[in-house]
Amino acid sequence: MTHPDPGVEPVPPITVPSRPSSDRAAIAYLAPLFAYIGSASVESWIPGVGDHSAPAVYPWVYASRVVLVSVVAWWFRWTWRDLTPWPGPREVAAAILAGLVVFGFWIGLEGLYPALPFLGKRVAFDPGVLSPGARALFIAVRMLGLVALVPLIEELFWRSFLIRWLIDVDFQAVVIGRVTPASALVTSVFFALVHPEWLPALLTGLIWAGLLAATRSVSACVVSHAVANAALGSYVIVTGHWIYW
């Protein structure tokens, strides 16, 4: 029989940190998006904001939404690990191209498909009614939300969480980037149902599901989403077509 050397300290056992249950993990993906959508719903009930009859109030309300959603997203920032690894040059190029195609759909299809009343409609806000300083600040905050915040929280929900959850409710067991025809279609349909511009949104969901399948990268989808939103935001600023804001 051998005996341990009294001069050698025993090696502690290796412990593997347990992952949160799928139900608890799902909350981390749902909370930022629900905070964004929920705050938009509350916004419509604030006097002078939903109908923009008090234009000076709306920028402050929107800025408050950005702060709220940013705090929630930061609280659940462990989900950001899904963004790794970062896509390579080819994947980034594909993401940029897909984003520009998406932008083309949103602008090019306008007025060519029937509106669905149950999806509601956007109320245009023209920041030209604000003072020059307030206008510049609002546009900066609006673009920050449009290009940085929304792509992050939406892609983590739609293309990291929901598309995997539809494959297996234990979505953490599904490899990021795995896409099935059913999960691509269902996520795209739901994505369409939360946008008044349902047809461009449906096509967008399919494009980004395809991008995810091709690149296996949620970050590529975030880049593509950011490119599309940046192009749309720039188009709105240049043309004054404020309905998309």
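Scoring rules and cut-offs
- Residues numbered from 1 in each chain as written.
- Predicted model: local features only at pLDDT ≥ 70, side-chain atom pairs only at ≥ 80, totals over all residues.
- Heavy atoms only, no water.
- Salt bridge = Lys/Arg side-chain N within 4 Å of Asp/Glu carboxyl O.
- Helix = DSSP H or I, 4+ residues; strand = E, 2+ residues; numbered from the N terminus.
- Buried < 20%, exposed > 50% of the residue type's maximum accessible area, 1.4 Å probe, protein only.
- Contact = heavy atoms within 4.5 Å.
- Core = buried A, V, L, I, M, F, W, Y, C linked by side-chain atoms within 4.5 Å.
- Patch = residues over 30% accessible without salt bridge, like charges linked within 9 Å, V, L, I, M, F, W, Y side chains within 5 Å.
- Areas by Shrake-Rupley, 256 points an atom, 1.4 Å probe, with all protein chains shown as cover.
- Phe/Tyr/Trp six-rings, centres within 6.5 Å; stacked < 30°, edge-to-face > 60°.
- Expected span 1.5 Å × (residues − 1).
- Polar contact = N/O pair within 3.5 Å; in protein donor to acceptor, adjacent residues only side chain to side chain.
- Bend = angle between axes of the 7 residues up to and from the residue.
- Axes fitted to C-alpha atoms, helices over the stretch in contact; angles between N-to-C directions.
- Parallel < 35°, antiparallel > 145°, perpendicular 65-115°, else oblique.
- Left-handed = near helix turned anticlockwise from the far one by under 90°.
- Nonpolar A, V, L, I, M, F, W, Y, C, P; charged D, E, K, R; others polar.

Trainee: What exactly am I supposed to notice about the pattern of salt bridges here?
Mentor: Pairing between side chains of opposite charge can happen when the charged atoms of each approach one another. Within the structure shown, the criterion is met by 3 salt bridges. The shortest N-O distance in the salt bridge between R164 and D82 comes to 3.6 Å. Highlighted residues: R164 in helix 4 (residues 132-165) and D82 in the loop between helix 2 (58-75) and helix 3 (89-108), separated in sequence by 82 residues. Relative accessible area serves as the criterion here: at 5%, R164 is assigned to the buried category. Accessibility expressed as a relative area gives 6% for D82, which makes it buried. The salt bridge involving E155 is made with R159; its shortest N-O contact spans 2.7 Å. Placement of both E155 and R159 in helix 4 is noted, with a separation of 4 residues, approximately one turn of the helix.

Trainee: Would you mind going over the environment of N229 with me for this structure?
Mentor: With respect to the element layout, N229 can be found in helix 7 (residues 218-239). In this structure N229 comes out as buried when scored by relative accessible area, which is 11%. C-alpha of N229 to C-alpha of L100: the two residues are 129 residues apart in sequence and 9.3 Å apart in space. Once you skip the residues sitting within four places of it in the chain, N229 turns out to touch L146, V147, V150 and P151.

Trainee: Explain unusual backbone geometry to me, please; I cannot follow it from the model alone.
Mentor: Excluding glycine, residues mostly have negative phi values, and the peptide bonds linking residues are mostly trans. Note the cis peptide between T84 and P85, where omega equals -5 degrees. The phi dihedral of R216 falls on the positive side, at around 55 degrees, and the residue is not glycine. Mapped onto the secondary structure, R216 falls in the loop between helix 6 (198-215) and helix 7.

Trainee: For this particular structure, what's the right way to read the nonpolar core?
Mentor: The nonpolar side chains of soluble globular proteins are, as a tendency, buried together. The biggest cluster of nonpolar side chains holds 58 residues, and the ones touching the most others in it are Y62, F138, F161, L211, Y244 and W245. Those elements giving two or more residues to this core turn out to be helix 1 (22-43), helix 2, helix 3, helix 4, helix 5 (181-193), helix 6 and helix 7. The leading source of residues in this core is helix 4, at 15 residues. In this structure Y62 touches Y36, E43, F138, V141, R142, G145 and L146, once residues within four positions along its chain are discounted.

Trainee: Just to check I follow, could you spell out the side chain of R142 for this structure?
Mentor: Checked against the element boundaries, R142 lands in helix 4. Overall, the relative accessible area of 6% leaves R142 in the buried class. Setting aside chain neighbours within four positions, we find R142 in contact with Y62, Y244 and W245.

Trainee: Just checking my understanding: could you explain a nonpolar patch on the surface for this structure?
Mentor: Residues F118, L185, V189, F190, L193 and L206 make up a contiguous nonpolar surface patch of about 570 Å² in total accessible area. Broken down by element, the nonpolar patch gets its largest block of residues, 4 residues, from helix 5. Residue position: F190 is located in helix 5.

Trainee: Is there a simple way to think about the packing of aromatic side chains in this case?
Mentor: Each aromatic ring pair is specified by the distance between its two centres and by the angle formed by the two planes. Taken as a whole, this structure holds 16 aromatic pairs when the rule is applied. Between Y58 and Y62, the ring centres sit 6.4 Å apart and the planes meet at 40 degrees, which makes this aromatic pair tilted. Of this pair, Y58 and Y62 are both found in helix 2, 4 residues apart, which corresponds to roughly one turn of the helix. In this pair, the class of Y58 matches that of Y62, namely buried. Note on F161 and F171: the rings are 4.9 Å apart at their centroids and 85 degrees apart in plane angle, and the pair reads as edge-to-face. Taken together, the residues span a long stretch of sequence, with F161 in helix 4 and F171 in the loop between helix 4 and helix 5 at a distance of 10 residues.

Trainee: Where do I start with helix 7 in this structure?
Mentor: An α-helix turns once per 3.6 residues; consequently, residues spaced three or four apart project the same way. The end-to-end C-alpha separation of helix 7 is 31 Å, in line with the 32 Å expected for 22 residues at 1.5 Å each. Of all 22 residues making up helix 7, 16 are buried, and the element is well covered by its neighbours. Among the residues of helix 7, the N-terminal cap falls to S217, whose side-chain oxygen and the backbone nitrogen of S219 are separated by 3.3 Å. Positive backbone phi, approximately 75 degrees, marks G240, located one or two places after helix 7.

Trainee: Explain helix 4 here, please?
Mentor: With 34 residues, helix 4 ought to run about 50 Å at 1.5 Å a step, and its terminal C-alpha atoms sit 46 Å apart, in line with that. Approximately 40 degrees is the largest bend angle found in helix 4, and it occurs at V150, with the proline P151 only one to four residues beyond.

Trainee: Help me out: how do you make sense of the packing of helix 2 against helix 4 in this one?
Mentor: For any two helices packed against each other, one specifies the inter-axial angle together with the distance between the axes. It is at 10 Å that the axes of helix 2 and helix 4 come closest, and there the two elements cross at 30 degrees. Here helix 2 is positioned roughly parallel relative to helix 4, judged by the angle of their axes. Where helix 2 crosses over helix 4, the handedness of that crossing is left-handed. Between helix 2 and helix 4, the residues in contact are Y58, P59, Y62, A63, V66, V69, S70 and A73 and F138, V141, R142, G145, L146, L149 and I153, respectively. Among the residues forming the contact of helix 2 with helix 4, the class breakdown is 12 nonpolar, 2 polar and 1 charged.

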